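Chains, contacts and geometry: an overview
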Amino acid sequence: MKPIIVVHGGAGAWDLNSERFREAIAACEAAAAAGQAILLTGGPALDAVEAATRILEDAPPLDAGRGSYLNTAGQIELDALIMDGQTLRLGAVAAVQRVCNPISLARRIMTDTQHNFLVGAGAEAFADAIGFPRCELADLLVGGELEAYLALQHPAGYETAEIFTQPGAMGDTVGAVALDAAGNLAAATSTGGTRNKMPGRVGDSPLVGAGGYADNWTAAVSATGHGEALMRILISKQVCDFVAAGLSAQKACQAAIHLLEERVNGVGGLIAVDARGHVGLAYNTTAMPHAFALGDERLQSGS
Ligand code: ASP
């Protein structure tokens with residue numbers, strides 16, 4: 001099987017001429033290259049999506065790990081999900097603070113606990129119990145996010161969904177999907193959520209079937225966009241169901257974005273790879289920086 005990796009840096013109202021957009025594309029290329037390198041040496045899809053997502057989490061222009069948005073209380077609460085398409089095992093974490101790479105904490109929840117999903121203080125206690133690296137809020141806060149937070153302290157009707165539609169604002173959650181040489185699929189999604197969200201707010205990203213899904217029988221999917229809408233239609237599982245019904249990964253992503261618009265008036269984007277090795281990419285925002293690699297072919301990237 002020809003291995004495949006696809007990554008995204010979030011669907012939103014990106015300014016295609018901005019430095020931030022160029023940095024986002026560069027981060028996607030670096031992430032896809034890291035995933036491709038793992039896959040080409042016979043590594044598992046799970047390792048590829050975790051490694052790729054860690055690079056995206058470390059990239060300041062993207063809203064995951066470093067570079068995440070602040071909530072109304074001036075905190076950064078992170079959500080992540082990783083899923084193994086071979087076993088349907090998954091690990092998820094939500095509303096966790098002071099962790100630079102929540103995707104790896106999600107994976108440890110999958111491998112080292114009897115559970116699928118830990119949140120908040122419990123997730124942080126688990127992290128400390130296993131010696132998982134913690135960081136400070138200041139390590140996660142970059143660029144003008146503090147100024148943006150302060151400017152929103154007297155909000156006049158601010159809506160958290162604005163980051164997906166207002167020019168210059170953007171949703172920039174990250175994700176990766178992969179198919180390895182053994183035919184196994186995996187998906188990963190990581191986010192700081194939406195700017196000025198309420199403390200404790202959890203979006204679609206860590207929710208299985210919403211922010212991501214992976215099943216060797218159908219496809220691996222990672223979603224991005226307005227989480228309150230995406231979760232209502234379990235968009236990632238919906239893509240897998242469309243693939244099960246006979247659609248290619250590309251047609252399935254397009255059909256799911258159409259459903260998102262028609263059913264819940266939502267905005268967002270999707271990446272997918274199906275079990276037959278077809279790639280899917282769709283979004284209804286201005287852009288969704290992404291990159292992918294098919295086998296040992298040269299990386300491709302775009303908006
Ligand atoms: N889906 C994420 C959330 O709602 C945000 C994003 O994709 O940018 O938390």
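The following paragraphs examine the structure supplied in this document. Remember, it's a predicted structure, so these values are computed and weren't measured experimentally. (Residues numbered from 1 in each chain as written. Predicted model: local features only at pLDDT ≥ 70, side-chain atom pairs only at ≥ 80, totals over all residues. Heavy atoms only, no water.)

**Things to note about helix α3 (residues 102-112)**
As a reminder of what qualifies: Whether a residue is buried, partly exposed or exposed follows from its accessible area with a 1.4 Å probe, protein chains only, as a fraction of its type maximum: under 20%, in between, or over 50%, in that order. For the purposes of this entry, the term helix denotes a DSSP run of H or I that reaches at least four residues, the term strand denotes a run of E that reaches at least two, and both are numbered from the N terminus. Any two residues having at least one pair of non-hydrogen atoms within 4.5 Å are treated as being in contact.
Most of α3 is tucked away, with eight of its eleven residues classed as buried. Of the positions making up α3, those classed as buried are Pro102, Ile103, Ser104, Leu105, Ala106, Arg107, Ile109 and Met110. On the buried face of α3, the contacting elements are α2 (45-58), β2 (78-84), β3 (90-96), β4 (117-119), α4 (120-129) and β6 (185-191).

**Details of the site of the ligand**
What counts is decided by this rule: The near set for a molecule or strand comprises every residue that places at least one heavy atom within 4 Å of it. Under the rule applied, a polar contact is a pair of N or O atoms within 3.5 Å (in protein, one hydrogen donor and one hydrogen acceptor; residues adjacent in sequence only if both atoms are side-chain atoms). For every accessible area listed, the method is Shrake-Rupley and the probe measures 1.4 Å; residues are considered covered only by the protein chains on display.
Around the ligand, the surrounding shell holds twelve residues, and the nearest of these are Thr173, Arg201, Asp204, Thr224 and Gly225. One of the backbone nitrogen or oxygen atoms of Asp172 is found 3.4 Å away from an oxygen atom of the ligand. Across the complex, the protein chains shield 100% of the 270 Å² of accessible surface that the ligand would expose by itself.

**Details of the packing of helix α1 (residues 19-40) against α2**
Between two packed helices, both the angle of their axes relative to each other and the distance between the axes serve to describe the pair. Note the threshold: Only C-alpha atoms enter the line fits that serve as axes; for helices the fit covers just the stretch in contact. Angles between N-to-C directions range over 0 to 180 degrees. Relative orientations are named as follows: roughly parallel for angles under 35 degrees, roughly antiparallel for angles over 145 degrees, roughly perpendicular for angles from 65 to 115 degrees, and oblique for any other angle. A clockwise turn of the near helix away from the far one marks a right-handed crossing, whereas an anticlockwise turn of less than a right angle marks a left-handed crossing. Gly falls in the polar group here, along with every residue not listed as nonpolar (Ala, Val, Leu, Ile, Met, Phe, Trp, Tyr, Cys, Pro) or charged (Asp, Glu, Lys, Arg).
Packing of α1 against α2 leaves a shortest axis separation of 8 Å and a crossing angle of 155°. When the axes of α1 and α2 are compared, the pair comes out roughly antiparallel. For the pair α1 and α2, the crossing hand works out as right-handed. For the pair formed by α1 and α2, the contact residues are Ala27, Cys28, Ala30, Ala31, Ala34, Gly35, Ile38 and Leu39 on the first element and Ala45, Asp47, Ala48, Ala51, Ala52, Ile55 and Leu56 on the second. In the contact of α1 with α2, the residues fall into 13 nonpolar, one polar and one charged.

**A word on the layout of surface pockets**
As a reminder of what qualifies: Grid points spaced at 1 Å over the protein atoms alone were grouped into cavities, where a 1.4 Å probe fits but cannot get out, and pockets, open sets with protein on both sides within 12 Å along at least five of seven lines, with lining residues defined by an atom within 4 Å of a point. Grid points are joined across faces, edges and corners, and a volume is the space filled by probe spheres set on the points.
In this structure, the largest pocket occupies an estimated 150 Å³ of space. Together, Arg20, Glu23, Pro60, Pro61, Gly67, Tyr69, Val142, Gly143, Gly144, Glu145 and Arg195 line the largest pocket.

**Thoughts on the pairing of β3**
We count it as follows: Pairing between two strands is assigned when DSSP locates at least 2 bridges connecting them.
Judged by how many residues are buried, β3 sits mostly within the fold: seven of seven residues are covered. Strand direction decides the pairing type here: β2 and β3, joined by five bridges, are antiparallel. Bridge assignment links Ala80 to a residue of β3, and that residue is Val93. The hairpin turn running from β2 into β3, its antiparallel successor, is five residues long, and Leu88 in that turn takes a positive phi close to 65°. Bridging between β3 and β4 involves three bridges; their strand directions are parallel. The residue bridging Ala92 from the neighbouring strand is Phe117, located in β4.

**Describing the state of the cysteines**
Stated formally: Any two cysteine sulfur atoms lying within 2.5 Å of each other are counted as a disulfide.
Tallied over the full model, the rule gives zero disulfides. There is no disulfide at Cys100, and the cysteine sulfur nearest it, in Cys135, is 3.1 Å away. Residue Cys240 stays outside any disulfide, its sulfur separated by 9.2 Å from that of Cys253, the closest cysteine. Residue classification places Cys240 among the buried residues on the basis of a relative accessible area of 1%.

**A look at the pattern of salt bridges**
Counted only if it meets this: We count a salt bridge whenever a side-chain nitrogen from Lys or Arg sits within 4 Å of a carboxyl oxygen from Asp or Glu.
Inspection of the entire model under this criterion finds ten salt bridges. Ionic pairing is found between Glu297 and Lys2, a salt bridge with its closest N-O pair at 3.5 Å. One end of the pair, Glu297, is in the loop between β11 (290-294) and β12 (300-302); the other, Lys2, is in the segment before β1 (4-8), and 295 residues separate them in sequence. Residue class for Glu297 comes out partly exposed when judged on its relative accessible area of 36%. Classification of Lys2 as partly exposed rests on a relative accessible area of 45%. The salt bridge partner of Arg107 is Glu50, with a shortest N-O separation of 2.8 Å. Of the two residues, Arg107 is situated in helix α3 and Glu50 in helix α2; the sequence distance between them amounts to 57 residues. In this pair, the class of Arg107 matches that of Glu50, namely buried. Residues participating in the shared-partner salt-bridge network are Asp47, Glu50 and Arg107.

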